[in-house]
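Structure assessment
Each chain, letter by letter, is given below.
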Amino acid sequence: MPSVILACEPESHLTLTKYIILLEVVSMKKVKILLFTLTIIAVAFILSGCIPGNSNFTYVVPMPANWSSVNSMAIGNNIVLLAGTLNNASGAIGEYNISNGFFQDLSSQIQSLSFQNVRSVTFVNNLFYIAGSGSNGAIFASFNPFNNAFTTLNQYIPFTAGNFSTFNSISTNGTSVLIGGAGSKTPLLLYNPSSPYNFNSLNVPYNFVVNSTEWDGNEYFVDGYNSNYYPANGVAGYLSSSGSFQDLSNYLPLYTGTLGAVGFNGQNFLIWSKNNSTATWSNGFYQMLSFDPSDLNFNALSSTSFATDLSIPNNGITGANGWFVIGGNLYNQPYLVKYNLTGNPIDLSSYLPYNTVNVSSVMANGSDLYLTGTYQNGNTFFEIVKGQL
């Protein structure tokens, strides 16, 4: 059965949940009492800002109890597709309908695809694309929201691309889909949905593991790490729509290790990374980098803005309208801020549901923020925060 929106948490932090009105009209007196009650509830909604169209409220949607994580989201045709992992170590997938507020779990429909973990999703040309890993390696498939049909596309990946152990990230420029992961020959594939089953294996100067990909309006930004070194060296690059790769790794700050989550706010990138200095490696020293595409300049941001213990999941940074939103975990507490590179991060953690322990993914939709996370009891949730970008 689909589940519906269960909570509305406005900016005033007044939580209004599970309003149930029993319509039992027996006499005119009860009609008057009912009308009075409805008026009081309406006033409460207005005073709290929790009314349709108001920019200061949130929707919280509990996920099915057998979902252990939500890793990624994509939006298209008024549907949000959510992906992750089930408690039994198989792939999880579900769709949230923005129009009616219903969520439908579709996980049973991808069991035949042998997903163990769905890591990334995107939307292009009326189809969703999902990527991740299974017992036999990387998996890439399409999802048609009009008939709820999933179609595996692995068999069309060219033999010359080699074997992939996992696909970690997929993104789109509106026409093509860039697929990044870990492979025996190349970490990148470019898929053209307008020419079904057309994969291009991309030439890069050396093999590395791709963690994240992001389109900036002109080119794809790609990041990850080179596992031929220990500690691993960070890798960053630009990839054009035609498949030409520009290595940016030499522009990275000294001691930059593995690069992970990335977001683009319309002007700049924000990237989460690990420091690979031998003095800090064992302590799990993390740092946030900004990247300006206009001058290929990477900057390590101050630890006073972003603590070195901050842990960010692979889809934990998003950007829109000059802002970034960063979600994750800090000192075993949920972490959620917005940031514009000019001031201090603005704390948004008060918008999170009670007993949240971490934020697992974030996504911008216009001025609204979509996010997923985990409760203290291990259950997961999906949340819409209106008007935060």
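A quick note: this is a predicted structure, and the numbers were derived from the prediction, not measured.

**Focus on the sheet that holds strand E11 (residues 149-152)**
Taken together, the four strands give an open sheet; going across it, the order is E8-E9-E10-E11, and neighbouring strands pair in antiparallel fashion. The sheet terminates laterally at strand E8 (115-124) and E11, the two strands that pair on one side only. Direction aside, the axes of adjacent strands within the sheet are offset by 25° on average. Here strand E9 (residues 127-134) runs beside strand E10 (residues 137-144); their pairing, made up of seven bridges, is antiparallel. What sits directly across from glycine 134, in E10, is glycine 137.

**Quick word on the layout of surface pockets**
Looking at the largest pocket, its volume works out to about 730 Å³. Along the wall of the largest pocket there are 30 residues; nearest its centre are Met73, Thr122, Glu214, Thr318 and Met363. Sorting the residues of the lining of the largest pocket by element identifies strand E4 (67-76), E8, strand E12 (164-172), strand E16 (209-215), strand E20 (256-264), strand E24 (317-320) and strand E28 (356-365) as the ones contributing at least two each. With five residues, the single largest contributor to the lining of the largest pocket is E4. Looking at side-chain class alone, the lining of the largest pocket contains 14 nonpolar, 15 polar and one charged residues.

**Thoughts on the confidence of the model for the protein**
Looking at the protein, the pLDDT average stands at 85 and 84% of residues meet or exceed 70. Taken element by element, the protein is modelled with least confidence in strand E2 (residues 16-17), mean pLDDT 34, and with most confidence in strand E5 (residues 79-86), mean pLDDT 98. Scored below 50 in pLDDT, residues 1-27 shows 60 contacts in the model against residues more than four places distant or in partner chains. This stretch, residues 40-54, has a pLDDT under 50; its non-local contacts, to residues over four places away or in other chains, come to 22 contacts.

**A short note on the sheet that holds strand E19 (residues 245-247)**
Pairing between the strands of a sheet comes from backbone hydrogen bonds, and it takes one of two forms, parallel or antiparallel. Spatial ordering of the open sheet is given by E16-E17-E18-E19, a layout of four strands whose pairing is antiparallel. The two strands at the open ends of the sheet, each matched to only one other strand, are E16 and E19. Strand-to-strand twist across the sheet, computed as the mean angle between neighbouring axes with direction ignored, equals 25°. The pairing of strand E17 (residues 220-226) with strand E18 (residues 233-239) spans seven bridges and is classified as antiparallel. Bridge assignment links phenylalanine 221 to a residue of E18, and that residue is tyrosine 238.

**A word on unusual backbone geometry**
Non-glycine residue serine 114 carries a positive phi angle of around 65°. Turning to its location among the elements, serine 114 is positioned in the loop between strand E7 (103-105) and E8. A relative accessible area of 36% means that serine 114 is categorised as partly exposed. In the Ramachandran plot, asparagine 321 falls in the positive-phi region, its phi being about 55° despite a non-glycine side chain. When you line up the elements, asparagine 321 lands in the loop between E24 and strand E25 (323-330).

**Description of the environment of serine 176**
Here serine 176 shows up in the loop between E12 and strand E13 (177-183). Looking at serine 176, the relative accessible area reads 8%, which means it is buried. The sequence separation of serine 176 and serine 241 amounts to 65 residues, and the corresponding C-alpha distance is 7.7 Å. Each residue touching serine 176, except ones within four places of it in the same chain, is listed here: Ser171, Leu190, Tyr191, Pro193 and Tyr220.

Conventions used here
- Residues numbered from 1 in each chain as written.
- Predicted model: local features only at pLDDT ≥ 70, side-chain atom pairs only at ≥ 80, totals over all residues.
- Heavy atoms only, no water.
- Pairing = 2+ DSSP bridges.
- Helix = DSSP H or I, 4+ residues; strand = E, 2+ residues; numbered from the N terminus.
- Axes fitted to C-alpha atoms, helices over the stretch in contact; angles between N-to-C directions.
- 1 Å grid on protein atoms, 1.4 Å probe; cavity = no way out; pocket = protein on both sides within 12 Å on 5 of 7 lines; lining within 4 Å.
- Points joined across faces, edges and corners; volume = space filled by probe spheres on them.
- Nonpolar A, V, L, I, M, F, W, Y, C, P; charged D, E, K, R; others polar.
- pLDDT = per-residue confidence, 0-100.
- Contact = heavy atoms within 4.5 Å.
- Buried < 20%, exposed > 50% of the residue type's maximum accessible area, 1.4 Å probe, protein only.

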